[in-house]
Amino acid sequence: MAKHIVARVEDIPVGERKTFSVRGRAIVVFNQGGEFFAILDKCPHSGAPLSKGTLVSLVESGEPGVYQRSRPGEMLKCPWHSWEFDIRTGQSYCDPASTRAKKYAVSVEPGCALAKGPFNADTFPVSLEDNYVIVEM
Amino acid sequence: MHLVIIVDMARISFHSSHNKHMSAYRAIAKGAGRSVGKHMDDQVLLDRAFDGFTELPVKGAVDCDVHPAVPGTGALLKYMDDHWREQIVERGIDGLDAMSFPPGIGALGREDWRLPAGKPGSDPDRTIKDVLDGFDLSFAILNCLYHVQGAYDENMSIGLARAVNNWVKAEWLDRDPRFRASIVIPTESPELAVDEIDRLASDKRFVQIMMLAGGEIPMGRRFHWPIFRAAEKHGLPITVHAGTNYRHAPTSIGWPSFFVEEYVGHPHMFQMQLLSLITEGVFTKFPNLKFVFAESGFTWLPPSIWRANKTWKAMRVETPWVDRPPAEIVRSNFRFTLQPSDIALDGTGLAKTIEHIGSDDVILFSTDYPHAHFEGKRALPPGLSDSQIRKICIDNPLATYPRLKEASR
Amino acid sequence: MNVQLKDAPTGTQVRGNPGKLKVIDGDVHPIPRSLDDLRPFLSKEWGEHLTNYGLRYRLPYATAPAYPKATPALARRDAWPPEGGPPGSSLRFMQEQFLDPCNIEYGIMHCLYPIPMMERNLSFANALSSAVNDWQYHEWSQKDRRMKATISLSGEDAAGAIKEIERCAKVSRDFVQASMPGRITEPHGRQRYWPIYEVLERLGLPLAIHVGGEGGVPGGAGWPSYYQETHHNTSFMNRELITSMIFEGVFDRFPDLKLVLVESGFAWIPALSWRLDRQWLRMRDEVPHVKHPPSHYIRKNIYLTTQPMDEPERPDDLRDIIEWIGWDRLMMATDYPHWDFDDPGLAFKVRLTEAEKRQLFSENARAVYRLD
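It is worth spelling out the overall build of chain B at this point. Broken down by element type, chain B carries 16 helices and 8 strands. On the principal axes, the C-alpha backbone points of chain B span a range of 55 × 55 × 50 Å. Residue burial in chain B is summarised as follows: out of 409 residues, 57% are buried. Put simply, of all contacts in chain B between residues at least 6 apart along the chain, 80% involve residues at least 24 apart.

So this is what it looks like as structure tokens:
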């Protein structure tokens, strides 16, 4: 497990997403309400690019005809078959025990902290003033 | 009139053309396909279609689908209220058998179960002999298909339903303590249906409520919930029997030309209802309610529950009250009667099908008397283990019907 | 180097099919950017009719489907062409996103907008039929040789449909079959449609029936509430039309007619086949013209495309199903660019041998469509 600097914070504004290749793997980083989430850009069901999915609310119900909406933007809906994944855990809503989107830990670090390492950013110019998005893989 | 005569003539010549010593069903099968026989492989397959079917190895089975036939509205007169008694006679209202199940059709009255006169299944004593005694049953549940659901006048529909239920009670339930029955209701009028359920529920010999697979609006819709609420209150399962009141064409592609075509299509109505009951949230609202699909077939279940699961994963936000995979709901809340057992002509398919369903709790023994699905008393299709037979014949029905369990103690 | 700050080309890369298996795709959906794209193929009069009255289907909404679909335009969310237009309207983007990376050897086209056979004005339906067919040929088959056209019929007018089949068959062998929707005015086996089947059999063109149609109540249980029900219902429609065609005697009368059922999966075929046989056994005196058990015709005349893939609870159960059907009856289809797309590399959740893959992914279709 190594830490990879993938972007400056300002490169992924709130509500946006960006895809990266980290150690040969396509990953997508979402900025959802100022929080970053990193997920393998491949749906565990049929391989669709999750970076093209939508972020929607969690809709539940205990009573037919009643829709309880919560956690707006925290369910990642696959762009093909509409399976929903919890952006915090990667778990499939319908099959949480055995189906999950591969999730990676993300953190934000100031450039001054990164200077100390260890981080993989051989070709990435790190400036001490900026904040960076770090993905662990 | 001409038509009736032609039909009768056909049946007479058909009856006289077969070998009396042959088993009755095979006689139907052979007689029904006079043109077949040139194709040797086909003929071999047909001749062996019932190889491997076996008789019940256990006593005390429960037959969950037996059809008593109402001879005609005349037989119901003394069981209906004064208004309808007068109207039936004044307006000549008769011939209300369901077009989905015309009692004259050969396959709906097995040769050796037909009566010297009258519709097959219209003589309680014969049914006692053929079914209760013949299969050594502990109980047989009567599903009367007289078509009270067909009436567009809901008052006529409830008038007929009351009469049929009273008739079943007096002529059948009182005749043999092993008979049980389904409460027939005017399904298009839930309010009146609930009155009828409440009226009869205290008689523990009524063990469930019957609806038809085809109706005006899908079964899961809120409109029908008063019926389900009453069912839950009284601890009664709902049986959904094949058939439709023809408010719509019975298939999605229109009106089939042939009876056999329509009959083959019944499972599609059942599958629509299965989806409707699940998607509309009936089991969120009434989690303990059991649905018994009767004469539905069941070998169609695996692909149906697989696809329901898959589509639910995609579209569950449309119906967020469905909080578990449809296949699980089917295994916990739906039951299916044994006949017809639509397995391959060569006798294969059943064991794998039950594995694919993922449960052997869901099948309930039935003969579907007097309809013809098997030969003699060999009602069990090949492919069932001994323990599955025991479950299907006894354990599953008792687990499904609280009133039978109570009575069998 | 561990970090690259450039965007990975997601959404356009192949997701499966890593072994570069050749695929003949039984169901690809090109679509006009708008109905205006058809105007070059319509007469001035019918063009004016289109302007003034539009399409008149048997649906409650003027320009929307009866049941809202899963996604906008029924499509994969990553299939909208960057140059604009609905998913499936750009050949360039289809090549880049799908045809090239998925190694599609041939794509069998089903244009679902418009569907001529859903138009109620039969003369206009005939004009639409010719326009859609010409549009497929000129805008797709002639621009990418992989794209094979389906003659979209206005089959309620059998005479008009026959004229169109014969016209297209003369134009090119790029027309590999003719199609009707799953729900039309009468059950498909009825004799009003037989003249069409006769011509197709004579010309060796399969009849494809693509799910859809939406004309009238979708089954004996009445109108369902939800899209998820109607999506599933399409498989009942196919069961019903097989039943109709067999019992009406279509395959006894036209023994060489090939029927291809498109887009309702396939796992339901064995149980239907068993039920057809058992019930025919009981009541075959009603249909004495049917000379064989129904399963005979299913094994001989009927083919199915695989999408949407059936996904058993235990994946290996799919193998039982295919064994029962026969490995020679199924043809891979992706349904690109629709939301319930099946990726050729990942759709089958059961392990297949190379030989089985070749059959399902290309050889069966090659035989059915007589492709090189």
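In terms of regular secondary structure, chain C is built from 11 helices and 9 strands. Oriented by its inertia axes, the alpha-carbon framework of chain C measures out at about 75 × 55 × 45 Å. Taken across its 372 residues, chain C has 60% of its residues classed as buried.

Turning our attention to the interface of chain B and chain C. On the chain C side, the residues contacting the 72 residues of chain B number 59 residues. Residue assignment for the side of chain B that touches chain C shows that the elements contributing at least two residues are helix 2 (24–32), helix 3 (40–47), strand 4 (206–214), helix 10 (259–279), helix 12 (301–315) and helix 14 (350–357) of chain B. Grouping the constituent residues of the side of chain B that touches chain C by class yields 37 nonpolar, 25 polar and 10 charged.

A few words on the sheet that holds strand 6 (residues 68–77) of chain A. All names here are of chain A. Read from one edge of the open sheet, 3 strands run 5-6-7, paired in antiparallel fashion. Looking at the sheet topology across the chains shown, the edges are occupied by strand 5 (54–60) and strand 7 (84–86). Between one strand axis and the next, the sheet turns through 60 degrees on average, direction left out of account. Alignment of strand 5 against strand 6, held across 6 bridges, turns out to be antiparallel. Bridging across to strand 6, leucine 58 finds its partner in serine 70.

Residues and elements named next belong to chain B. Relative orientation of the contacting elements helix 12 and helix 13 (residues 326–333) amounts to 135 degrees, with a least axis distance of 7 Å. With respect to each other, helix 12 and helix 13 are oriented oblique. Contacts between helix 12 and helix 13 involve Ile305, Ala308, Asn309 and Trp312 from the former and Pro326, Ala327 and Val330 from the latter. Along the lines of polarity and charge, the residues of the contact of helix 12 with helix 13 split into 6 nonpolar, 1 polar and no charged.

Moving on, we come to the confidence of the model for chain B. Summarising the model, chain B shows a mean pLDDT of 92, and 90% of its residues fall at 70 or more. Here residues 1–37 of chain B scores under 50 on pLDDT; set against residues more than four positions off or in separate chains, the count is 43 contacts.

Before going further, it helps to examine the sheet that holds strand 5 (residues 175–181) of chain C. Residues and elements named next belong to chain C. Sheet architecture is open: 8 strands sit in the order 2-3-4-5-6-7-8-9, paired in parallel fashion. Looking at strand neighbours, the two that pair on one side only are strand 2 (23–28) and strand 9 (330–331), the edges of this open sheet. Relative to strand 2, helix 11 (residues 354–368) is tilted by about 70 degrees, and along the sheet it contacts strand 2, strand 3 (104–109), strand 7 (259–262), strand 8 (302–305) and strand 9.

Below, the discussion takes up the nonpolar core. In terms of nonpolar packing, the biggest core is built from 264 residues, with Ile27, Val29 and Val135 of chain A together with Ala140, Leu142, Val164 and Ile209 of chain B touching the most fellow members. In terms of residue count, the dominant contributor to this core is helix 10 of chain B (11 residues). The residues that make up this core include at least three from each of domain 1 (1–42 + 103–137) and domain 2 (44–101) of chain A. Beyond its immediate sequence surroundings of up to four residues, leucine 142 of chain B is in contact with Val66, Pro68, Val168, Trp172, Phe179, Arg180, Ala181 and Ser182 of chain B.

Let's shift gears to the packing of helix 8 (residues 190–200) of chain B against helix 9 (residues 225–234) of chain B. Residue and element names in this part refer to chain B. In contact at an axis separation of 8 Å, helix 8 and helix 9 are set at 15 degrees when each is read in the N-to-C sense. As judged from the angle between their axes, helix 8 and helix 9 are roughly parallel. For helix 8 against helix 9, the interelement crossing comes out right-handed. Judged by residue contacts, Pro190, Glu191, Ala193, Val194, Ile197 and Asp198 of helix 8 engage Pro226, Ile227, Ala230 and His234 from helix 9. When the residues that make up the contact of helix 8 with helix 9 are grouped by side-chain class, the tally is 7 nonpolar, 1 polar and 2 charged.

Before going further, it helps to examine unusual backbone geometry. Backbone geometry follows two general trends: most residues other than glycine have a negative phi, and most peptide bonds adopt the trans configuration. Note the cis peptide between glutamine 339 of chain B and proline 340 of chain B, where omega equals 0 degrees. Along the chain, proline 340 of chain B falls in the loop between strand 7 (334–337) and helix 14. Proline 114 of chain C follows tyrosine 113 of chain C through a cis peptide bond whose omega is 0 degrees. Its location among the elements puts proline 114 of chain C in the loop between strand 3 and helix 3 (122–141). One non-glycine residue, arginine 23 of chain A, lies in the positive phi region at around 45 degrees. Note on placement: arginine 23 of chain A falls in the loop between strand 2 (17–22) and strand 3 (25–32). For arginine 370 of chain C, which is not glycine, the phi torsion reads 50 degrees and is therefore positive. Tracing the chain through its elements places arginine 370 of chain C in the segment after helix 11. According to the C-beta neighbour criterion, arginine 370 of chain C is exposed, with 11 such atoms within 10 Å.

With 12 residues of chain B at the contact, the number on the chain A side is 11 residues. Put simply, the parts of the chain that give the side of chain B that touches chain A at least two residues each are helix 11 (282–285) and helix 12 of chain B. The leading source of residues in the side of chain B that touches chain A is helix 12 of chain B, at 4 residues. Each residue belonging to the side of chain B that touches chain A can be placed in one class, and the counts come to 6 nonpolar, 2 polar and 4 charged.

It is worth spelling out the environment of valine 14 of chain A at this point. Residue and element names in this part refer to chain A. Along the chain, valine 14 falls in the loop between strand 1 (3–8) and strand 2. Look at valine 14 and you get exposed, because 9 C-beta atoms sit within 10 Å. In this structure the C-alpha to C-alpha distance between valine 14 and asparagine 31, which are 17 residues apart in sequence, comes to 5.1 Å. Not counting residues within four places of it along the chain, the set of residues in contact with valine 14 comprises Asn31, Gly33 and Gly34.

Another point: the confidence of the model for chain C. Should the pLDDT be low somewhere, the predicted coordinates at that spot are not to be read in detail. Residue and element names in this part refer to chain C. Within chain C, residue pLDDT values average 94, and 95% of them lie at 70 or more. Within the model, the stretch residues 1–16 combines pLDDT values under 50 with 50 contacts to residues more than four positions away or in other chains. Interface predicted TM-score (ipTM) for the complex: 0.94; the corresponding pTM is 0.94.

This part covers the environment of methionine 40 of chain B. In this structure, methionine 40 of chain B sits in helix 3. For methionine 40 of chain B, a count of 8 C-beta atoms within 10 Å gives the class exposed.

This brings us to the environment of glycine 109 of chain B. Residues and elements named next belong to chain B. Positionally, glycine 109 belongs in the loop between helix 5 (82–90) and helix 6 (124–133). Glycine 109 gets classed as buried once you count the C-beta atoms within 10 Å, which come to 23. Setting aside chain neighbours within four positions, we find glycine 109 in contact with Pro103, Arg114, Pro120 and Pro370.

About the cut-offs
Residues numbered from 1 in each chain as written. Chains lettered and ligands numbered in written order. Predicted model: local features only at pLDDT ≥ 70, side-chain atom pairs only at ≥ 80, totals over all residues. Helix = DSSP H or I, 4+ residues; strand = E, 2+ residues; numbered from the N terminus. Buried ≥ 20, exposed ≤ 12 C-beta atoms within 10 Å, placed from the backbone. Contact = placed C-beta atoms within 7 Å. Nonpolar A, V, L, I, M, F, W, Y, C, P; charged D, E, K, R; others polar. Pairing = 2+ DSSP bridges. Axes fitted to C-alpha atoms, helices over the stretch in contact; angles between N-to-C directions. Parallel < 35°, antiparallel > 145°, perpendicular 65-115°, else oblique. pLDDT = per-residue confidence, 0-100. Core = buried A, V, L, I, M, F, W, Y, C linked by C-beta atoms within 7 Å. Domains from an automatic or database assignment. Left-handed = near helix turned anticlockwise from the far one by under 90°.

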